[in-house]
Structures are given as structure tokens and as C-alpha cells.
Amino acid sequence: MTEHAVSRESFAARIWRKTLDGAGVKVGLAWVALLVFAAVFAPFLANSMPLLMSKNGVISAPVLQYLSMEDTWVLATFFIALAVYRLRLGTAKRILLFLLGSALAAVLVNLFVKPPVLVIYDDFRSAAYTEADWRIMPPIPYAPTDYLRDLGSKGLEAPLVTEGHTHLMGTEENGADVLSRMIHACRISLSIGLIASGIALLIGVVVGGLMGYFSGVVDMLGMRLVEIFEDIPTLFLLLTFVAFFGRSLYMMMVIIGVTGWSGYARYVRTEFLKLRKQDYVQAAVASGLPLSSILFRHMLPNGVAPLLVAVSFGVAGAILSEATLSFLGLGVVDAPSWGQMLDQAVKSSTFNWWMAVFPGGAIFMTVFAYNLIGEAFRDAIDPKLSSKAGVNT
Amino acid sequence: MSGQLLEVRNLRTYLQADGREVRAVDDVSFSIPKGDTFCLVGESGSGKSVSALSVIRLLPQDVASHPSGEILFNGCDLLKLDDPGIRAVRGSQIAMIFQEPMTSLNPVLTIGEQITEALQLHRPEMSDAEAEQRTIMALEQVQMPQASRRFRDYPHQLSGGQRQRVMIAMALACEPQLLIADEPTTALDVTVQAEILRLMRKLQDDTGMSMLFITHDFGVVAQMAQWVGVMQQGKMVEVGPCSEVLRKPRHSYTQQLLAALPENLVKPVSVRPHSQNATDQTPLLQIRDLKVWFPIKKGLLRRTVDYVRAVDEVSLDIPQGQIVALVGESGCGKTTLGRAVLQLEQPTSGSIQIQGQELTGLSARELRPLRRKMQIAFQDPQSSLNPRLLIETTLTEPMKVHGIGANHEQRIELAGLLLESVQLKRDFLWRYPHEFSGGQRQRIGLARALTLNPEFIVCDEITSALDVSVQAEILQLLLSIRQQRNLTLLFITHNIGVVEYLSDRTVVMYKGKIVEQGETAQVCGQPQHPYTQKLLEAVPRLSL
Amino acid sequence: MLTYLLRRLLLMIPTLLGITIVVFTVMAMSPGGISAQTLVGGMDMKPQEKQALLEYYNKRYGLDQPAPVQYLRWLNNVSPIGFVTDEHGKRGEFSFNKGMDLGTSFQYGRPVSDILAERIPITLLLNLVTIPFTYLIAIMVGMKSATHRGSVFDVGTSMSMLALWSIPTMLAGVLLLGFFANVQHFHWFPTAGISSREAQDMPFLPHWDETGFVRGFLLDRVWHLVLPVICLSYGSFAALAKLTRTSILENLHSDYARTARAKGLAENDVLWRHVFRNSLLPLITISAGLLPSLLAGSLIVENIFSINGMGQLAVEAVKGRDRELVLSITWVSGFLTLIGYLIADFCYTLADPRVSYD
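Note on numbering: residues in each chain are counted from 1, in written sequence order. The naming scheme follows written order: chains are lettered A onward, ligands numbered 1 onward. Where local features are concerned, this predicted model is filtered to residues with pLDDT of at least 70; where side-chain atom pairs are given and counted, the filter is 80 or more; whole-chain, interface and lining totals use all residues.

A. Summary view of the overall build of chain A. Secondary structure summary: chain A contains 15 helices and 3 strands in total. The contact criterion used here is simple: two residues whose C-beta atoms, placed from the backbone, lie within 7 Å are in contact. Here the analysis covers contacts within chain A between residues at least 6 apart in sequence; of these, 71% occur between residues at least 24 apart. Numbering of helices and strands runs from the N terminus, with a helix taken as a DSSP run of H or I at least four residues long and a strand as a DSSP run of E at least two residues long.

B. Layout of the interface of chain A and chain B. Taken together, the contact pairs 26 residues of chain A with 39 residues of chain B. At the level of secondary structure, the elements contributing two or more residues to the side of chain A that touches chain B comprise α12 (279-286) and α13 (291-327) of chain A. For the side of chain A that touches chain B, the leading source of residues is α12(A), giving 6 residues. Nonpolar residues are Ala, Val, Leu, Ile, Met, Phe, Trp, Tyr, Cys and Pro. Charged residues are Asp, Glu, Lys and Arg, and all others, Gly as well, are polar. A breakdown of the residues in the side of chain A that touches chain B according to their chemical character gives 12 nonpolar, 13 polar and 1 charged.

C. Structural detail: the interface of chain A and chain C. Facing the 39 residues of chain A at the interface are 44 residues of chain C. Of the residues contributing to the side of chain A that touches chain C, the split by class is 27 nonpolar, 7 polar and 5 charged.

D. How the structure looks around the environment of Leu172(B). Residues and elements named next belong to chain B. Tracing the chain through its elements places Leu 172 in helix α7 (residues 160-172). Remark: C-beta atoms are placed from the backbone, and a residue is labelled buried if 20 or more other C-beta atoms sit within 10 Å of its own, exposed if 12 or fewer do, or partly exposed between those counts. Judged by local crowding, Leu 172 falls into the buried class, with 22 C-beta atoms found within 10 Å. Placed 77 residues apart in sequence, Leu 172 and Ala 95 show a C-alpha to C-alpha distance of 7.2 Å. Not counting the four nearest positions on each side in its chain, Leu 172 is found in contact with Ala 95, Ala 138 and Leu 203.

E. Seen up close, the confidence of the model for chain B. Per residue, pLDDT measures the predictor's confidence, with a range of 0 to 100. When pLDDT is averaged along chain B, the result is 89, and 96% of the positions lie at 70 or above. Taken over the whole predicted complex, pTM reads 0.81, whereas the ipTM for its chain interfaces reads 0.84.

F. Up close: the sheet that holds strand β16 (residues 357-358) of chain B. All names here are of chain B. The strand order across the open sheet built from 4 strands is β13-β12-β15-β16, with neighbouring strands paired in antiparallel fashion. With partners counted over all chains shown, the strands left at the sheet margins are β13 (303-318) and β16, one partner each. Only strands that DSSP links by at least two bridges are regarded as paired with each other. With 5 bridges connecting them, strand β12 (residues 285-298) and strand β15 (residues 349-354) associate as antiparallel partners. For Lys 291, the partnering residue across the bridge sits in β15 and is Ser 349.

G. The pairing of strand β19 (residues 488-493) of chain B, seen in detail. Residues and elements named next belong to chain B. Extensive coverage of β19 is indicated by the burial of 6 of its 6 residues. Here β19 shows a buried face lined by Thr 488, Leu 490 and Ile 492 and a second buried face lined by Leu 489, Phe 491 and Thr 493. The pairing of strand β14 (residues 323-327) with β19 spans 5 bridges and is classified as parallel. The residue bridging Val 327 from the neighbouring strand is Thr 493, located in β19. As paired strands, strand β18 (residues 456-460) and β19 are joined by 5 bridges and run parallel to one another. Looking at β19, one finds that Ile 457 is bridged to Leu 489. Looking down the strands as they point away from the viewer, one classifies a crossover as right-handed if the path from the first strand across the helix to the second runs clockwise. Between β18 and its parallel partner β19, the chain crosses via helix α17 (residues 468-485), and the hand of that crossover is right-handed.

H. Geometry of the sheet that holds strand β7 (residues 94-97) of chain B. Residues and elements named next belong to chain B. If you trace the 6 strands from one edge of the open sheet to the other, you get β7-β8-β9-β3-β10-β11, paired in mixed fashion. Sheet topology places β7 and β11 (235-241) at the edges, where each strand pairs with a single neighbour. Pairwise comparison of adjacent strand axes, ignoring direction, gives a mean angle of 15 degrees for this sheet. As paired elements, strand β3 (residues 37-42) and strand β10 (residues 227-232) share 5 bridges and run parallel to each other. Residue pairing in the sheet places Gly 42 in a bridge with Met 231 of β10. In this description, a line fitted to the C-alpha atoms serves as the axis of each element, helices being fitted only across the stretch in contact, and the angle between N-to-C directions of two axes falls anywhere from 0 to 180 degrees.

I. Quick peek at the packing of α13(A) against helix α15 (residues 353-381) of chain A. All names here are of chain A. Put simply, α13 and α15 touch, their axes get as near as 8 Å, and they point 170 degrees apart. The angle between α13 and α15 places the two elements in the roughly antiparallel class. Regarding α13 and α15, the two cross each other, and that crossing is left-handed. Each of Ala 305, Pro 306, Leu 308, Val 309, Ser 312, Phe 313, Val 315, Ala 316, Ile 319, Leu 320 and Ala 323 in α13 lies in contact with α15, whose residues at this interface are Ile 363, Thr 366, Val 367, Tyr 370, Asn 371, Ile 373, Gly 374, Phe 377, Arg 378 and Ile 381. Throughout this description, any angle smaller than 35 degrees is read as roughly parallel, any larger than 145 degrees as roughly antiparallel, any in the 65 to 115 degree range as roughly perpendicular, and the remainder as oblique. Each crossing gets its hand from how the near helix is turned against the far one by less than a right angle, where anticlockwise is left-handed and clockwise is right-handed.

This is the structure in C-alpha cells:
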């Protein structure tokens with residue numbers, strides 16, 4: 001009998017290790033990490049106000065004063081996530097803790113964080129702020145909605161062309177700095193990806209699970225539902241939704257989620273049908289274990305693997321959908337978004353290449369990163385093509 | 001010795017697997033005279049298949065290498081031939097057939113096309129018409145019914161046995177001198193196996209070809225071979241004439257293997273508390289007129305046109321404390337019956353009573369307490385344990401649900417005891433299934449079946465996927481557990497040797513019905529039903 | 001076989017109904033819904049004129065009635081079996097082949113069927129040219145990758161395929177247009193449309209005459225289609241190439257390929273005579289899903305390249321809240337998708353002898 005290396009790791013750990021074993025996925029994860037960093041710390045990375053300054057001996061941090069509720073909540077959630085990750089608890093408990101923590105943070109933020117309502121960015125370039133003992137500015141000294149009126153901005157300008165102040169990626173049509181908007185737009189892209197996919201996943205798992213476990217009439221009805229949502233020209237439905245309901249970021253996330261669940265449902269259903277026949281599930285039934293245990297302890301953890309692959313690709317798809325909508329002129333209006341910037345590339349008669357290359361490039365890198373991660377998961381979970389000699393020794 | 005058709009000298013084959021090098025064949029030598037059959041025997045991982053594939057050089061070049069050795073075929077070293085050279089040999093001088101007839105034929109080509117391809121490859125001057133003729137002749141030679149019609153059939157339209165005949169016809173089409181057969185009958189039912197083996201012997205007599213026959217079944221060896229080679233972990237531990245090796249094995253491994261055969265196993269003297277007359281007690285399990293029918297739906301509105309009668313009006317009594325073997329070939333319904341008893345399959349009609357209590361028609365909640373009395377162990381070691389759970393969880397969860405053990409520590413203690421009773425170490429509790437071998441997993445499966453302290457266990461082909469030495473251990477373990485706990489077992493199998501060793505009673509099934517049942521000695525010694533007779537005759541025995 | 005087809009066609013109906021209901025509900029539930037108010041609202045007219053227009057719309061299209069009634073009226077108009085309605089919307093007798101009336105578009109003021117008849121062929125042309133092109137290149141690339149597994153070509157292409165797949169369509173379109181069809185950079189391709197105006201008068205095939213080389217209608221079309229087809233195809237071809245590679249590799253390692261080698265076949269013959277056809281099967285299955293994604297891609301591509309196809313129509317219909325047009329586009333694309341599935345299934349039966357439908 002050939003000896004196999006006895007590994008002392010759990011199934012999940014093994015999959016994770018195999019996934020990380022490749023160059024592509026590292027690039028993908030690195031990019032996603034970069035995006036997360038940018039999204040969370042955006043107000044500190046690109047802002048018109050100083051991070052820290054000392055004036056007449058008094059140290060103040062204007063950035064902190066002007067942090068919006070959303071900014072604060074995002075920061076809080078990030079640190080909660082880090083803390084929960086460190087704790088040694090079961091996965092379900094950790095997720096629950098995280099959700100509770102962020103809900104609590106939302107409530108607290110609502111109560112206590114009250115930034116000034118109106119922000120005039122020109123002030124930060126006035127003497128009150130420039131004539132200080134010392135000050136530390138964020139790496140990119142422009143806020144995303146700072147239209148630089150006082151500096152005589154002329155709308156779309158190519159990178160490094162304007163004299164007096166550097167715009168590494170040029171400016172967009174209203175005069176704001178492109179790089180700054182891109183950093184702040186990370187938030188939208190990430191949240192759209194996660195929330196839309198999360199909704200789609202939830203609906204898909206529930207419907208698919210029910211179909212797979214109960215079969216019969218439930219299955220038939222479910223399949224019809226799946227077919228309907230599959231056959232609807234998704235983009236078209238999105239367009240219809242947005243055109244008729246108006247543009248709102250949250251609405252878009254929900255809609256992308258609600259239209260995209262059919263793929264997950266199919267996956268889950270197939271897996272459940274397969275799993276029902278597995279011997280260990282039959283053994284669980286024969287031992288009289290309750291339904292909840294059979295579903296959640298025996299079937300679901302073993303069926304999750306292909307979902308990981310699907311979710312990675314799904315997130316990529318959601319980001320693309322948002323970008324497409326923005327491009328067609330139906331996206332969010334003043335919050336910075338990559339798709340919206342891409343739209344500006346062709347709007348005028350000249351081809352503003354920097355509006356296409358940078359935001360477009362960001363979209364591309366993000367989608368690419370998620371695809372790489374999805375591919376790595378798929379290779380780790382379904383190693384049919386490992387170099388076997390095709391021999392039964 | 002120049003009378004040898006094939007001479008393998010000091011062959012080494014190394015395989016690359018997951019970055020490591022495996023010495024699949026390590027300094028192996030043997031030879032096959034003209035017209036004789038050489039059997040290569042061994043357990044899984046012994047290297048017998050790799051040796052066969054090496055002879056015909058069918059191993060992928062990026063994975064396999066032959067650092068040393070010679071393979072002399074009619075004096076010519078096959079290892080030194082270039083690519084066109086070895087291709088000229090393959091199919092025309094040395095042919096090979098494989099184990100799985102289902103996947104070894106191309107599903108999108110007709111069998112006629114596949115056989116004529118072999119012909120026209122090595123006889124390019126042959127016309128299409130002549131090739132078709134020769135193909136039909138070849139099909140008739142392998143006793144394929146309605147050969148000329150079959151020419152245009154696709155592989156999926158044939159049965160397993162027929163497909164293997166097609167493979168043989170394809171291999172013999174160009175009249176090779178040597179036929180390599182890699183476990184050709186392992187995937188077939190025993191009656192079909194008997195026919196195929198008979199066919200192969202006849203063909204060998206007719207054509208005078210030699211055969212290199214790979215198998216793990218000593219009964220087959222006894223029937224087919226003049227020469228035997230026993231392999232263990234890449235090395236050839238014993239070679240010699242068949243009668244000598246089988247009757248007077250010299251190497252300890254060969255002796256071990258032969259001793260592990262069910263026919264050679266020593267049955268422990270059982271001191272059972274109950275008298276041999278089990279007829280005066282109420283049977284533990286009573287099955288009456290059980291039907292498990294699956295509807296076949298066709299047509300526009302999916303109406304039920306017919307049924308697959310998996311279990312067709314079966315009535316059976318299983319006495320307490322006995323091991324009842326349920327035998328039959330594939331598709332006879334034995335697995336469905338086993339599962340139906342445990343309510344894992346819904347019976348269409350009929351009654352199943354355990355200790356007088358009716359099982360059919362109960363709700364899940366009513367059934368739960370009854371489930372403690374009956375459990376099941378499965379065939380496939382790969383899928384019988386939840387890969388995500390520690391062994392400890394798999395064993396303690398049922399206990400928790402049924403209220404066995406006052407707290408978690410007690411349950412862990414009990415689980416540890418269970419593992420020890422199947423001869424495994426206690427700290428295996430803290431490992432995952434993938435860390436164990438097939439045999440160990442089957443033991444854990446048995447331990448799981450014992451968690452609720454049942455009275456009745458269905459063993460669904462639990463040793464069919466195991467090597468013969470591991471099988472012997474599991475069978476002996478089963479007997480000792482039965483002794484300790486006074487269990488009743490329904491042992492489903494297709495292996496008659498195991499039946500004779502293990503069981504007290506035997507039930508024979510065919511196409512959903514019971515054709516014969518009774519004491520094992522009776523059924524196996526003096527079978528009454530023609531099917532049972534056919535079945536028993538077909539089993540390849542060691543003593544000829 | 002016939003029963004299977006019939007059954008599939010019948011099953012299409014509830015799905016199509018479902019799709020139209022979903023879209024209709026979206027429109028009805030939106031702020032403003034589908035009343036004449038929204039159509040008339042923004043226009044710059046005197047109150048009486050607005051009122052008159054409102055009444056006209058209401059009467060003509062029944063926009064003052066509750067949503068379910070509107071839907072049922074539309075459904076009745078569209079289906080070939082139903083009640084015959086006359087000019088004033090009054091119901092007549094029940095008939096079994098009254099023809100399909102898709103309604104009139106608010107925006108264009110023309111019958112929907114006319115508009116669709118103009119636009120659909122163009123979209124179909126674009127998509128039907130894309131499909132064989134995509135498959136051809138994907139199979140070639142996939143096959144080379146599989147047979148030279150691990151080589152520079154293989155590793156390089158698999159990375160670039162994934163990258164290619166990740167490029168958002170509109171970025172590609174914008175870049176292609178910006179760099180290759182622009183006076184600012186390389187003006188190799190035309191900027192818009194699928195044929196130039198002169199092409200109408202040109203003869204079909206290219207030829208030479210006194211003025212020099214004349215493109216001819218055919219080549220002119222081709223020239224216009226190059227960029228849009230590239231834009232539409234690169235995404236799916238990346239996915240197909242990967243699928244081809246996986247499929248071929250799987251089949252190269254299969255048991256029947258081993259049998260073929262045991263017979264003495266050369267590796268090349270094993271590939272072409274045995275593996276190839278089996279490898280194509282998953283590609284056929286996938287083609288079913290290809291059409292809907294291509295239709296979606298058309299939306300963007302037609303927009304960027306100003307091609308007057310159904311995709312562009314869809315965007316305008318939605319933006320203009322044109323109820324009739326939106327509903328018809330919905331069910332037509334749903335219908336095309338389902339027909340796509342059916343054709344794919346049918347092709348699969350032809351290719352795989354193991355499958356039979358009854």
C-alpha cells in the first residue's frame with residue numbers, strides 16, 4: 001500500500017493552503033487588500049485638509065473633525081473585523097459577533113458623530129490653514145468633491161499638465177482630482193461587490209437548498225423561478241429598474257443582488273442533490289440526527305466549496321454591472337465611481353485618455369483580481385487535472 | 001531461455017506524483033513462454049498495473065521514466081524502440097485490454113468503427129469492405145450475439161460483459177502474440193466473469209497467444225495461469241509455476257495473502273448463548289411483501305409508464321443473533337433492500353417489523369427512538385465519513401441526540417472505547433477522515449454503527465473495496481464484535497467466499513426477488529435454484 | 001423527439017409570461033408608474049393642450065386603468081389567441097389566430113413590430129457573426145494550450161485569457177474606438193454604424209473600376225463590423241478557450257484515449273479522431289448560455305459604436321419609459337434566449353449518441 005503523507009490539518013485549512021499556492025492568487029489578494037486599505041482609510045489618504053497641524057502651539061487634527069458618519073462607521077467596522085478575526089471561535093460565532101459589532105457601531109456613530117454639514121474646501125487653502133507651524137497633509141492633497149474653483153480649474157485636464165499643483169492622474173470634468181476620486185471610489189466598488197453578492201448568495205442558497213433537499217413540487221416551482229430570473233436579460237432589467245426607480249447606490253446593490261441569484265441557486269441545488277446521496281449523510285439520517293444538523297453540519301459545509309468559486313466570479317460581475325450602469329449614464333451621480341469617470345472619457349468630442357485608462361484600469365484590475373482568486377479556489381477544490389498517470393497501481 | 005516470448009529483466013519504473021518520485025516498479029524480472037498465461041498478482045499499490053503498462057510503454061512520458069531494465073519481446077528491447085517502432089508493436093503484436101469497459105471505449109464512435117480502426121491501422125492495404133468483414137468475424141469469435149447488427153451500435157447500448165467482449169475483439173483483431181489484460185473482469189458480475197474467462201481461455205487455445213493477466217483474485221489465477229508472479233510494493237517477491245506458488249508458497253507475503261483468503265480463514269469457534277435452533281424465537285426482523293418500485297416517467301406530460309422493480313415482493317425473516325448474507329449480482333436489489341429496511345429508501349408497499357414493531361409509515365419523530373436499534377455501515381471508505389468533521393464529532397453527535405452519556409466527557413470516553421473495540425488507537429478521535437487508510441476508515445464506520453448500541457446492523461458491501469488482507473481483518477473483527485455484543489447482521493455482498501466464511505444463513509436475490517434462502521452450508525453446498533447453481537459455479541475457486 | 005420539442009416549447013410559455021410580468025411590475029411599481037402623466041409631464045405646452053394629450057394617451061393606450069388590467073390588455077394584444085379588439089379598444093369576439101399586435105411605441109410613434117423588424121436583424125447579424133468567430137479562435141487556442149501543456153504558450157495564454165475576460169466591455173470598446181477609429185490616433189476603422197452611406201449603392205463584391213479599388217457592400221460591412229465583433233467576442237472567447245483546454249486535457253487522460261494509444265495510434269490521431277469530438281460536447285452545452293450574454297454585450301457595444309440594433313433600442317426605450325417597447329423587447333430577448341437553449345440542446349443530441357430525448 002502506498003504511503004500518503006498524513007496531514008494534520010482540517011479540510012478548510014487544506015483548501016486554503018492549496019489556494020494560496022500560486023502566483024496569480026497572491027497578486028489578486030494583494031490588490032484586494034490594497035483596495036480594502038484605500039477604502040477604509042480614504043479620508044486619510046486623499047483629502048484637502050491637513051492630517052495634523054500645529055498652529056501657535058496648538059495641535060489639531062482637522063481631518064478627524066470632518067470625518068463623516070460613513071467614514072467613521074467604516075473605520076470602526078474594519079477594526080472590529082480585525083479583532084474578531086484574532087479571536088479563536090467557530091466561524092458562525094465569529095460572523096455573528098462581527099455583525100453585532102458593526103450594528104452597534106452604526107448606532108453609536110449615528111448618535112455621536114456629527115461633522116459640520118457644509119464643507120468648503122477652499123478654506124483649507126486659505127491662510128488660516130496654510131500659515132501654521134507645521135502641518136502634515138495627506139499624500140494626495142485633494143478631496144474627491146473639491147472642485148478647485150479657487151485655483152481656476154478648467155475641467156478635464158490631462159495628468160501633470162496643470163501648473164502649480166500636481167494632479168497625478170489629471171482632473172475630471174468638474175475640476176476634481178481624478179486620483180482622489182479613484183481612491184474614494186474604492187469604497188463603492190468594494191461595497192457593491194460584497195453587498196450585491198451577499199444578497200444574491202443568501203437568496204440563492206436558501207432557494208437552492210430548499211429545492212435540493214425537498215425535491216418534488218418545491219423543486220419544480222423553484223426551477224421555474226430560476227429559469228425566469230436567468231432568462232431575463234439582466235442588464236436590461238437593471239436598466240429598467242434604475243431608469244424607473246431613479247438612481248441610488250443602495251437600490252443598485254439590492255437590484256444587482258436580486259437579479260443575480262439564479263446561478264448560486266443552481267450550484268447549491270446540484271450540490272445538495274449530490275450530497276443527499278452521500279453515505280455520510282445517509283448515516284446521519286440513519287442515526288436519527290435532526291434535520292437542522294443534517295443540513296447545516298453535514299451538507300452545507302461540504303457543498304460550500306464550489307460556491308466560493310462562484311462568489312469570487314460573482315463579485316467581479318457585480319462590479320462590472322455597476323460600472324456598466326454608470327457608463328450608460330444611469331449610475332450614481334455625485335459620489336465618485338469608476339464607471340462614471342469612464343463615461344466621461346467619451347462624452348466630449350476629444351478622447352480623454354486618462355479618464356479611460358485610470359478608472360478603466362482600476363475596474364480591470366479589480367475584476368481581474370477577483371477572477372484570479374476565483375480561479376485559484378477552483379483549482380484547489382477540483383484537482384481533476386493533477387498529474388496522475390491514469391493508472392490504478 | 002530463448003523460448004520466451006517476453007522477457008522482462010530488472011525493470012524499474014519511476015513515477016512523478018505531486019512532486020515526489022514513486023518507485024512503482026523496483027527491479028522486477030519475469031518471463032512468459034509462448035502460448036502460456038502469466039498472472040501478475042498483488043494488492044493495490046503493488047505495481048502490477050504499472051508493470052503491464054510499462055511493457056507496452058503506455059505510461060505518459062512526462063510522468064514515468066525507466067531508469068534501468070530491459071523488456072525483450074522476441075529478442076527486441078521494447079524500451080529502446082523509438083515512437084513509430086513501439087506504435088507498430090502496439091495493437092498488432094502486443095495488445096492490451098483494461099478494467100473498466102464502460103469508459104475504455106469511445107462513446108461517440110460505433111464499436112464497428114473502433115474495431116476497424118485497429119485493423120486498418122496495422123493493415124493499411126485493407127479495404128473498408130474487408131475490414132468490416134473481418135470485424136464481424138472478430139465479434140463472432142468473441143461470441144457476441146447478432147454480430148453484424150452490433151457493428152453499428154454505440155458502446156452505451158451494450159452491457160458491461162458485451163463491452164468487454166468488444167474490447168477483446170478489438171485487441172485480437174490483428175492477431176497479436178501477446179495479450180495484456182489488466183483486471184479485465186474485476187468490474188463485472190461473477191457470472192459474466194466466468195463467461196469472459198472461459199472465452200479468453202478458448203481464444204488462447206485457438207490462437208496460441210500468450211497472456212499477461214493482472215489480477216488480485218487468486219481464484220482467477222488458479223483458473224487461468226500457468227505461471228504466477230506475486231508483487232508487493234513494486235518488488236516481485238515470488239515467481240514460479242502456478243501450482244507450486246499456490247500450494248507451497250515460499251515467501252512470507254504470498255503465504256500471508258493466501259492465508260487471508262476467506263476460504264482459508266479460520267473461523268473462530270463461537271460460543272453463542274442461544275441454541276442453534278433459532279426457529280423457536282421470534283425473528284428480530286420480519287419483512288413481508290416488501291416492494292420498492294421506482295416510477296419511469298415518459299411522454300409529454302411525464303406520465304408514469306412503467307416501474308423499475310428494485311425490490312419485488314420480498315419476504316424475509318432475520319433471526320436474532322445470526323449473520324445473514326444477502327447475495328446477488330449488480331442490479332438485483334440487495335442494496336435497495338438493505339436501505340429500505342433502515343427506512344433510507346421509501347418502501348412502496350409492504351411491512352417491516354423490528355422486534356414486533358412496525359417501521360413503515362412512521363413519521364421521522366416516531367422513527368427516531370427505533371433508529372437506535374438498527375444501523376448501517378457502507379461500502380465506499382471515501383464517502384462514508386464526513387470529511388469536515390473530526391472523528392470525535394462523528395462518533396459523539398449521535399450519542400448526544402439520543403441522550404447517551406451524561407455529559408461531553410463521558411461521551412468522549414465512550415467514543416474512545418468504541419475505537420478501541422475496532423482495534424484503533426484512542427487518539428484517532430482527534431483526526432480527520434482523510435488522514436486514514438481505507439481499511440481504517442471502514443473500522444471507523446463500524447465504530448460509528450456501534451455508537452448507539454444497536455441490535456441490528458446492515459453491512460452494505462463493506463469489504464468489497466478493500467484488499468484481501470485488509471478484508472480478512474475486517475471480517476474477523478466483525479465476528480468478534482458480533483460475539484461480544486450479540487449482534488444481528490445483514491451482510492450484503494457479492495463475494496461467495498466471504499459468504500461461506502462469515503454467515504449463518506444465506507439469501508440469494510435475483511432481479512428484485514429472493515430465489516433461494518436457507519442455512520449457508522445448505523445453500524452453498526446443495527443449491528436448489530438454477531440461478532444459485534449458476535452463481536456458485538461461476539465463482540473462481542482456488543482448488544481445481 | 002417531437003414530444004420533447006413540444007414539451008420544451010410549451011414550457012417556454014410560463015417562463016416568458018414570468019419575465020414579462022416581472023418587467024411590467026418593475027415599471028408599474030416605480031414612482032410615477034405607467035400613467036400618461038409621466039409622458040406628458042415634462043413637455044412645454046399649455047394646460048389645455050396637455051389635457052388633450054393626456055386624454056388621447058389614456059384612450060389610445062388605456063393608461064388610466066389599473067396596472068393588472070393594463071398588463072392583461074397588453075397580453076391579449078400580443079398573443080395570437082385572444083379577443084379581437086378594434087380601434088377604440090372595445091373587445092370583440094374570441095379568435096384563435098388574430099395575429100400579434102405588439103402595440104405602438106410612444107417615443108417613435110410607430111408600430112413596435114416595425115421598429116423591431118428593423119433592429120433585430122442588425123443585432124442578429126452582429127451576434128451571429130461573433131459566435132463562429134469566437135468558437136474558432138477559442139478552439140484553436142484551447143487546443144494548442146492543451147497539447148502543449150505547461151509550455152510558455154500555455155502559461156502565457158491562460159494568464160492573458162483571464163486578463164482578457166476581466167476587461168470590462170465598455171473599457172475595451174472605448175479604448176478600441178479611441179485608439180483605432182479616431183482621427184487623433186489611428187483612423188483605421190470607421191467610427192460608427194455598420195455601413196457607410198455610399199455602400200448602399202455599391203455592388204456586393206469588391207472589384208476594381210476606373211476610380212480604383214471599390215470596397216463593395218460585403219467588404220464595407222465587414223470593415224465596419226471588425227471592431228464591434230472584437231469587442232463583443234473577446235470576453236466569451238476567453239472563457240471558451242479555457243473550457244476547451246480543460247475539456248481536451250480531461251479527454252486526453254481518459255480511459256478511451258488510453259485504449260486508442262494501446263491500439264497503436266499516434267498521438268495526433270488520438271487527438272483528432274477520438275478526443276476532439278468528445279471535447280466539443282461541453283462547448284455545445286455552454287453555447288446555450290452564450291446567446292444571452294452576447295445580447296447583453298450587444299447593449300454596450302451597440303451603444304459605443306452607434307449601431308442601430310436592438311441593444312441601443314433597449315437603452316432608449318428604457319430611458320424614455322416606453323411601455324410597449326420595453327415589454328416587447330423583454331419578451332423578444334427572452335424568446336431568443338430560450339430558442340438558443342433549445343438549439344443548443346438539439347445540437348447536443350446530434351453530437352452525443354448517448355443522449356436521446358423522449
